[in-house]
Each structure stands twice: as structure tokens, then as C-alpha cells.
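Each chain, letter by letter, is given below.
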Amino acid sequence: MRILLVDDEKSLLLTLAANLELDGFDVTTAESGQHALDLFETSHFDLVLSDIRMPGMNGVELFRAIRAKRPDFPVILMTAFALEGMVKDAIAEGVFTVLPKPFDVSHVVSALTTALKAPVVLVVDGETDAASAVELLHGAGVRAMHGTGADQVLAEVRGGRVDVCVVDLELSATSAPDLIDRIKKEDPTIAQIAIAGHDVAAVMRRAAASGVFLCLQKPVTAESLVEAVAKARARSRATATAR
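Everything numeric here is computed off the predicted structure, so don't read it as measured data.

## Things to note about the pairing of strand β4 (residues 75–79)
With 5 of 5 residues buried, β4 is to be regarded as a mostly interior element. Residues of β4 alternate between two faces, with V75, L77 and T79 on one and I76 and M78 on the opposite face, all of them buried. Pairing of strand β3 (residues 47–51) with β4 involves 4 bridges; the strand directions are parallel. If you follow D51 over to β4, its bridge partner there is M78. With 4 bridges joining them, β4 and strand β5 (residues 97–100) adopt parallel strand pairing. Across the sheet, I76 pairs through a bridge with T97, a residue of β5.

## Description of the confidence of the model for the chain
Averaged over all residues, the pLDDT of the chain is 87; the fraction at 70 or higher stands at 89%. By mean pLDDT, helix α9 (residues 201–209) is the weakest element of the chain at 70, and strand β2 (residues 26–30) is the strongest at 98. Here residues 237–243 scores under 50 on pLDDT; set against residues more than four positions off or in separate chains, the count is 12 contacts.

## Let's talk about the sheet that holds β3
The 5 strands lie next to each other as β2-β1-β3-β4-β5, forming an open sheet whose pairing is parallel. One side of each edge strand has no neighbouring strand; the edge strands of this open sheet are β2 and β5. Sheet twist, expressed as the average angle between the axes of neighbouring strands with direction ignored, equals 20°. Those strands touched by helix α3 (residues 59–69) are β1 (2–6), β3 and β4, and its axis lies near 160° from that of β3. Along the sheet, helix α5 (residues 105–116) makes contact with β1, β3, β4 and β5, crossing β3 at roughly 140°.

## Describing unusual backbone geometry
Trans is the prevailing form of peptide bonds, just as negative phi is the prevailing case for residues other than glycine. With omega at -5°, the peptide bond leading from K101 into P102 counts as cis. Position of P102 among the secondary structure elements: in the loop between β5 and α5. Unusually for a residue other than glycine, A118 sits at a positive phi of about 50°. Among the secondary structure elements, A118 is positioned in the loop between α5 and β6 (120–124).

The rules behind each value
- Residues numbered from 1 in each chain as written.
- Predicted model: local features only at pLDDT ≥ 70, side-chain atom pairs only at ≥ 80, totals over all residues.
- Heavy atoms only, no water.
- Buried < 20%, exposed > 50% of the residue type's maximum accessible area, 1.4 Å probe, protein only.
- Helix = DSSP H or I, 4+ residues; strand = E, 2+ residues; numbered from the N terminus.
- Pairing = 2+ DSSP bridges.
- pLDDT = per-residue confidence, 0-100.
- Contact = heavy atoms within 4.5 Å.
- Axes fitted to C-alpha atoms, helices over the stretch in contact; angles between N-to-C directions.

Below you can see the structure in the form of C-alpha cells.
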């Protein structure tokens with residue numbers, strides 16, 4: 001797989017490129033956003049991994065330029081700074097995830113491997129209104145699908161395409177905490193996000209005890225849902241590599 005690696009810090013660029021090549025990636029490097037965009041327009045790549053804070057075209061601007069040309073192209077950003085506004089903007093616009101520096105190389109490898117598989121977010125609800133959550137994710141360029149019923153959900157999980165599950169705690173046909181436990185047993189690397197309405201505090205506590213990454217309160221906005229997915233992807237990769 002061909003990776004375009006972008007960072008204005010030359011020593012880190014060379015070190016990270018060498019480590020990724022040892023893990024089997026074909027790596028091309030660029031020391032600026034504009035150089036990376038020029039390479040992207042003239043060569044084939046499967047994924048872009050870019051620092052955010054760079055002189056000239058920063059990583060978020062590079063992501064937007066790539067997204068304008070190829071809306072479904074996977075981009076992972078990394079940063080050592082608390083650039084909250086830029087990070088939030090990139091996440092809201094569909095960047096795959098943002099990795100905080102410093103990081104373990106195995107964490108980066110895991111995130112790249114996952115992103116290259118073009119994973120989907122599985123939205124789990126016993127009712128058809130879950131399509132609204134799917135639509136929120138689609139609107140930000142995030143791959144998502146709707147699942148109803150434990151059998152279908154677990155079949156999708158076993159299929160290997162799912163890396164994040166969004167589970168409504170008010171499932172009508174299935175006990176949400178039980179389903180959360182079953183998903184975890186099938187694949188503990190899948191990050192789970194719970195969505196709750198009112199008067200479900202006890203269920204939310206049980207979900208949190210089962211290892212749910214984050215609980216969101218209804219009504220859920222596109223910004224909060226997309227941000228939760230991006231953060232869950234970063235956290236789930238770190239957890240997987242720590243095992």
C-alpha cells in the first residue's frame with residue numbers, strides 16, 4: 001500500500017517513514033502541504049498521513065484539497081499541539097482520525113491498516129429512525145450503515161468491515177447492554193459509542209461498565225457524532241496495539 005507521509009520536521013519524517021517501510025508500507029515523503037498536494041495530483045496513493053501544523057498549507061488545508069478531488073480518500077492527521085479549532089474542523093469534515101504526538105509507531109501502523117480497509121460505522125437501533133444517524137455520518141463523508149437486530153449486527157461484526165458501533169440504549173427488540181457485551185466478545189477492538197435519551201441512567205452506567213467508549217445524549221448533532229467516531233477510532237487503535 002502506498003502512503004504519502006507529510007511533515008515539515010525532517011528528522012521525524014525520515015524516522016517515521018523508515019519505520020513504516022519496515023512494516024511493509026511503500027512510503028513517499030513530502031515536507032510541505034503544497035509538495036504533498038503536487039505529488040497527490042501526479043501519483044497514485046492509497047492513504048495520506050499528514051501533520052497538521054506546517055508552514056504554508058497546513059494539514060487541514062491539505063485534507064480539504066484532497067477531499068475536494070477525491071471525497072472518499074482516507075486521510076489521517078497527526079499533531080503535537082492542542083489545535084482544538086483546526087482539529088474539530090477536520091473531524092467535522094470527515095478526516096478518518098487524528099493521532100496525537102508523540103505516538104508509538106505500532107499505533108500508527110494499526111490506524112493506517114484500519115483506514116486502508118475502508119471500515120464502516122455500524123449504527124444499531126431497533127427502529128428505522130436510526131437512518132438519521134447514518135445520514136449524519138454520510139453528510140460528513142464517514143462510511144456508515146444501519147443495523148437492526150442482534151443477528152444482523154453480529155453478522156456484520158464478524159464480517160470484519162466494522163470498526164465502530166453506535167448503539168442506541170433504547171433498543172426495543174434487543175437489550176442494548178447485552179448486545180454491547182456480545183459485540184465486545186466478538187471483536188474487542190471495535191469501539192462502541194452509546195446514544196441515550198432521558199431516564200436511562202442505570203442502563204448508561206451498565207454500558208460504561210461494559211467498556212463503551214463514550215455515551216452521547218439525544219438529540220445527537222452531526223458534529224458530536226462525527227467527533228465521537230474519530231476519537232473512538234484513535235482510542236480503539238491504541239487499545240488494540242496495547243493488547
